[in-house]
Structures are given as C-alpha cells and as structure tokens.
Amino acid sequence: MPLLHEIQESVVQEGADLGSILLKLRFLASRLGSNVLEEWVRHESEGYPNYVEVPSYRIVGVSYKGTFSGPFGSGIQNAPIPSHLIKQFAGDRWVSFEVRESIAGVDELVRGSAESGSLGIDASNLILLLQGKVYENYACNSVSGTISRTSLTEIQQAVRGRILELTLELEKSIPAAADVSFGASKATDTNAEKVQQISQQIIYGNVNTAVAGGPGSTVSVNVNERDSASFVNQLVESGISEDDAKSLAAILEAEEPEDELEPFGNRAKSWIASNLKKAADGTWKAGVSVATAVITEAAKKYYGL
C-alpha cells in the first residue's frame with residue numbers, strides 16, 4: 001500500500017496513535033522535498049521550542065479565579081477574574097496560552113485532566129500584578145488559572161484534520177505523491193514547490209505566502225480595523241467567493257465579537273457553520289483549514305483584536 005494511503009487509513013481510525021502517523025508523514029515529507037512539512041511534523045513530534053512560533057490551533061484560552069481578603073475579616077473566595085483585566089494588567093500571553101508540548105505530551109495532558117475536566121497552570125506571578133486592581137480595598141491572596149480539557153482535545157483534532165486534508169490535497173494535486181513507499185527511491189516527478197505551498201496553506205493557513213523559500217517565509221493578513229472593503233478583498237484573494245465575503249462582512253458590521261478570545265458573534269458563527277461546506281466541496285478555491293484560518297485572522301484584524 002502506498003505510504004500516503006497508509007497515513008490516510010490510520011488517521012481516520014478512532015484512537016490511532018498520532019505519534020506513529022507523524023513519523024510516516026515525516027518520511028513522506030522528506031521524499032517529497034517539503035521542509036515546511038518536515039519542520040511541522042518534527043515540532044508536533046518533539047515539541048515547539050520557545051523561539052518557534054506555534055500554529056494558531058495551539059493557542060488556547062485560560063480562565064482565572066482568585067481569592068481576596070478585605071477589611072474587617074471580609075473575603076471573596078474563588079471569584080472569577082475577567083479576562084480583559086488579566087490582559088490589561090498582565091499582558092496577552094496570560095490569556096492566550098501557547099501549548100508547546102509534543103503531541104504525545106498533549107495526549108498525556110488530556111488523559112490527566114479527564115477527571116477534573118481542566119488543566120491547572122501556575123498563576124502565582126499574577127498575585128503581584130493584580131494586587132489592588134480587581135476589587136478596591138481587597139488584597140489578592142491567590143490566583144489559579146485553568147485550561148479546559150476541550151481546548152486540549154481540539155489540538156489533537158486539529159492535527160488529525162490537517163494530516164488528512166494535507167494527504168488528500170497531495171493525492172489530488174501531485175499524483176506522484178501516491179507512489180512513495182518504504183524502500184522505494186525518491187520520486188523524481190514531484191513538484192517540491194507545489195508541495196511546499198500545499199503544506200504551508202493547510203498547516204498554517206498562510207495563503208498569501210510565496211513558500212518556495214521554506215519556513216523562513218512570512219505572511220500578512222491585510223485587513224484594516226473596521227474596514228469592510230479590505231476584509232472582503234482579503235477573503236476573495238484567499239479563494240472565498242466575493243458574494244460570500246460581502247455577506248460575512250455585513251454580519252461583522254452588524255454585531256460585535258463575544259470577547260477578546262472569540263472574534264465572532266452568534267450570527268457570524270452560524271454563517272461559518274453553514275458556509276464552510278463550500279470549502280469542502282470545492283465551491284471556494286480554499287480548503288477548510290485555509291478558509292477557517294483566513295476568516296478567523298481577518299476577523300481579528302477587522303475588530304482590532
């Protein structure tokens with residue numbers, strides 16, 4: 001069986017080990033000449049170093065609670081602390097946590113949080129940063145931060161989804177990719193530049209990047225704050241139809257996002273759920289992962305998040 005088909009068969013099986021699937025994908029990436037794909041697989045397998053930017057699906061929200069003491073023995077126990085206060089006094093990195101563990105480490109975190117439904121993080125440094133800034137005349141005694149287990153399982157699913165979409169797109173766009181197998185020599189008729197482009201788009205959603213140069217390439221989502229025209233242009237350039245782009249832009253004009261971590265309101269969420277099938281069936285010129293990433297990043301720019 002071709003290696004490409006082995007990967008596809010494994011990734012759709014419930015409970016399949018992502019570690020072994022990633023090793024096969026790394027072998028395939030080497031044979032196809034894609035350093036973008038090889039680097040992504042290596043980081044997913046071994047973890048992301050601090051100097052490497054993590055993909056957007058590995059940035060998760062954190063919720064906080066604190067214990068406060070006030071005058072005359074009064075106190076507030078386990079009070080939720082609004083994320084905008086954390087962001088204001090401590091910075092973005094406290095509300096948008098980067099999960100840098102390997103996919104095996106993420107698997108372990110998911111198993112470890114099965115009973116509680118969440119994962120705790122060290123938030124002791126926030127005590128000083130929030131002192132006297134949450135409740136007037138109340139001292140901050142302790143702060144606890146948690147990441148929902150759902151956020152961690154979504155990382156697992158995101159990796160699975162990208163592997164499947166990537167291999168399907170390679171099979172469709174580069175037929176020679178299906179000829180790669182263990183023991184066979186490197187295929188000579190694969191388009192390395194095309195493989196790079198497909199890998200970059202599906203993994204990172206960087207659809208405006210000329211990726212032939214490899215992982216050093218950069219991307220820019222050119223959307224101005226509260227500028228519907230630039231939002232529509234960005235989506236159209238990324239492969240989404242103009243009518244659909246204008247429809248979503250009108251929704252963004254009419255409603256506000258839920259919060260700093262969620263760039264969509266209820267109507268926008270419903271629109272996305274109804275229209276993403278156009279990415280899957282080929283109506284749009286962008287795949288599901290690419291369309292999702294572009295819409296999300298463009299919305300953030302539009303709202304100034």
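Residues numbered from 1 in each chain as written. Predicted model: local features only at pLDDT ≥ 70, side-chain atom pairs only at ≥ 80, totals over all residues. Heavy atoms only, no water.

**Structural notes on the overall build of the chain**
Turning to step 1, where the next piece is worked out: A count of helical and extended segments in the chain gives 13 helices and 6 strands.
Turning to step 2, where the next piece is worked out: When contacts within the chain are restricted to residue pairs at least 6 apart in sequence, those whose partners lie at least 24 apart make up 66%.
Turning to step 3, where the next piece is worked out: Entry remark: accessible area of the chain is about 15,200 Å², with carbon and sulfur atoms responsible for 47%. (Helix = DSSP H or I, 4+ residues; strand = E, 2+ residues; numbered from the N terminus. Contact = heavy atoms within 4.5 Å. Areas by Shrake-Rupley, 256 points an atom, 1.4 Å probe, with all protein chains shown as cover.)

**Section: the packing of aromatic side chains**
Turning to step 1, where the next piece is worked out: Under the counting rule described, the total for this entry stands at 5 aromatic pairs.
Turning to step 2, where the next piece is worked out: Taking 5.0 Å as the distance between ring centres and 75 degrees as the angle between the ring planes, the aromatic pair formed by Phe68 and Tyr135 counts as edge-to-face. Here Phe68 is found in strand E2 (residues 63-69), whereas its partner Tyr135 is found in the loop between helix H6 (126-129) and strand E6 (139-148), with 67 residues between them in sequence.
Turning to step 3, where the next piece is worked out: Given a relative accessible area of 2%, Phe68 falls into the buried group.
Turning to step 4, where the next piece is worked out: Under the relative-accessibility criterion, Tyr135 is labelled partly exposed at 27%.
Turning to step 5, where the next piece is worked out: Members of the aromatic cluster, each reached through a chain of ring pairs, are Phe68, Tyr135 and Tyr138. (Phe/Tyr/Trp six-rings, centres within 6.5 Å; stacked < 30°, edge-to-face > 60°. Buried < 20%, exposed > 50% of the residue type's maximum accessible area, 1.4 Å probe, protein only.)

**A short note on the confidence of the model for the chain**
Detailed reading of the predicted coordinates is not advisable wherever pLDDT falls low.
Turning to step 1, where the next piece is worked out: On average, residues of the chain carry a pLDDT of 83, and 89% of them reach 70 or more.
Turning to step 2, where the next piece is worked out: Long-range and interchain partners of residues 206-219, a stretch whose pLDDT sits below 50, account for 26 contacts in this model, where long-range means more than four residues apart. (pLDDT = per-residue confidence, 0-100.)

**Observations concerning the pattern of salt bridges**
Opposite charge on two side chains permits them to pair, given that their charged atoms come into close proximity.
Turning to step 1, where the next piece is worked out: Scanning the entire structure with this criterion turns up 11 salt bridges.
Turning to step 2, where the next piece is worked out: Note that Glu98 is salt-bridged to Arg100, the shortest N-O span being 2.7 Å.
Turning to step 3, where the next piece is worked out: Taking the relative accessible area as the measure of exposure, Glu98 reaches 35% and is therefore partly exposed.
Turning to step 4, where the next piece is worked out: Linking Lys278 and Asp244 is a salt bridge whose minimum nitrogen-to-oxygen distance equals 3.0 Å. Of this pair, Lys278 sits in helix H12 (residues 277-280) while Asp244 sits in helix H10 (residues 242-254), and the two are 34 residues apart along the sequence.
Turning to step 5, where the next piece is worked out: For Asp244, a relative accessible area of 11% puts it in the buried group. (Salt bridge = Lys/Arg side-chain N within 4 Å of Asp/Glu carboxyl O.)

**Points about the packing of helix H5 (residues 103-112) against helix H7 (residues 149-173)**
Turning to step 1, where the next piece is worked out: Two elements in contact, H5 and H7, have axes whose closest approach is 9 Å; the angle formed by their N-to-C orientations is 145 degrees. Between H5 and H7 lies a crossing whose hand is left-handed. Here Ile103, Val106, Asp107, Leu109 and Val110 of H5 come into contact with H7, specifically with Arg149, Leu152, Thr153, Ile155, Gln156 and Val159.
Turning to step 2, where the next piece is worked out: For the contact of H5 with H7, a count of residues per class yields 7 nonpolar, 2 polar and 2 charged. (Axes fitted to C-alpha atoms, helices over the stretch in contact; angles between N-to-C directions. Left-handed = near helix turned anticlockwise from the far one by under 90°. Nonpolar A, V, L, I, M, F, W, Y, C, P; charged D, E, K, R; others polar.)

**Regarding helix H4 (residues 83-90)**
Turning to step 1, where the next piece is worked out: What H4 keeps buried is the set Leu85, Ile86 and Ala90. All buried residues of H4 lie within an arc of 100 degrees about the axis, which places them on one face of the element.
Turning to step 2, where the next piece is worked out: Close packing links the buried residues of H4 with E2, strand E3 (75-81) and H6.
Turning to step 3, where the next piece is worked out: Looking one or two residues past H4, Gly91 carries a phi angle of roughly 105 degrees, positive in sign. (Arc of directions from axis to C-beta.)

**Examining the packing of helix H3 (residues 35-46) against helix H8 (residues 192-204)**
Turning to step 1, where the next piece is worked out: In contact at an axis separation of 8 Å, H3 and H8 are set at 40 degrees when each is read in the N-to-C sense. Contacts between H3 and H8 involve Asn35, Val36, Leu37 and Trp40 from the former and Gln196, Ser199, Gln200, Ile203 and Tyr204 from the latter.
Turning to step 2, where the next piece is worked out: Taken together, the residues of the contact of H3 with H8 break down into 5 nonpolar, 4 polar and no charged.

**Concerning the pairing of E2**
Looking along a regular strand, one sees the side chains alternate between the two faces of the sheet.
Turning to step 1, where the next piece is worked out: Pairing analysis gives 7 bridges linking E2 to E6, with the strands arranged antiparallel. The residue of E6 that forms the bridge with Ser63 is Thr146.
Turning to step 2, where the next piece is worked out: Bridge count for E2 against E3 is 5 bridges, and the pairing is antiparallel. In the strand pairing of E3, Tyr64 is matched with Ile81.
Turning to step 3, where the next piece is worked out: Adjacent in sequence and paired antiparallel, E2 and E3 are bridged by 5 residues, among which Phe72 carries a positive phi angle near 60 degrees. (Pairing = 2+ DSSP bridges.)

**Observations concerning the nonpolar core**
Turning to step 1, where the next piece is worked out: Residues Leu25, Trp40, Tyr64, Ile86, Leu126 and Ile163 are the most contacted members of the largest nonpolar core, which totals 57 residues.
Turning to step 2, where the next piece is worked out: Counting residues in hydrophobic clusters, the runner-up holds 25 residues, among them Ile251, Trp271, Val290 and Ala291. (Core = buried A, V, L, I, M, F, W, Y, C linked by side-chain atoms within 4.5 Å.)

**Some thoughts on the environment of Ile198**
Turning to step 1, where the next piece is worked out: Looking at the secondary structure, you find Ile198 in helix H8.
Turning to step 2, where the next piece is worked out: Assessed through its relative accessible area of 3%, Ile198 is described here as buried.
Turning to step 3, where the next piece is worked out: A C-alpha to C-alpha distance of 7.2 Å links Ile198 and Leu166, two positions 32 residues apart in sequence.
Turning to step 4, where the next piece is worked out: Not counting chain neighbours up to four residues away, the residues in contact with Ile198 comprise Leu166, Glu169, Leu170, Ser173 and Ile174.

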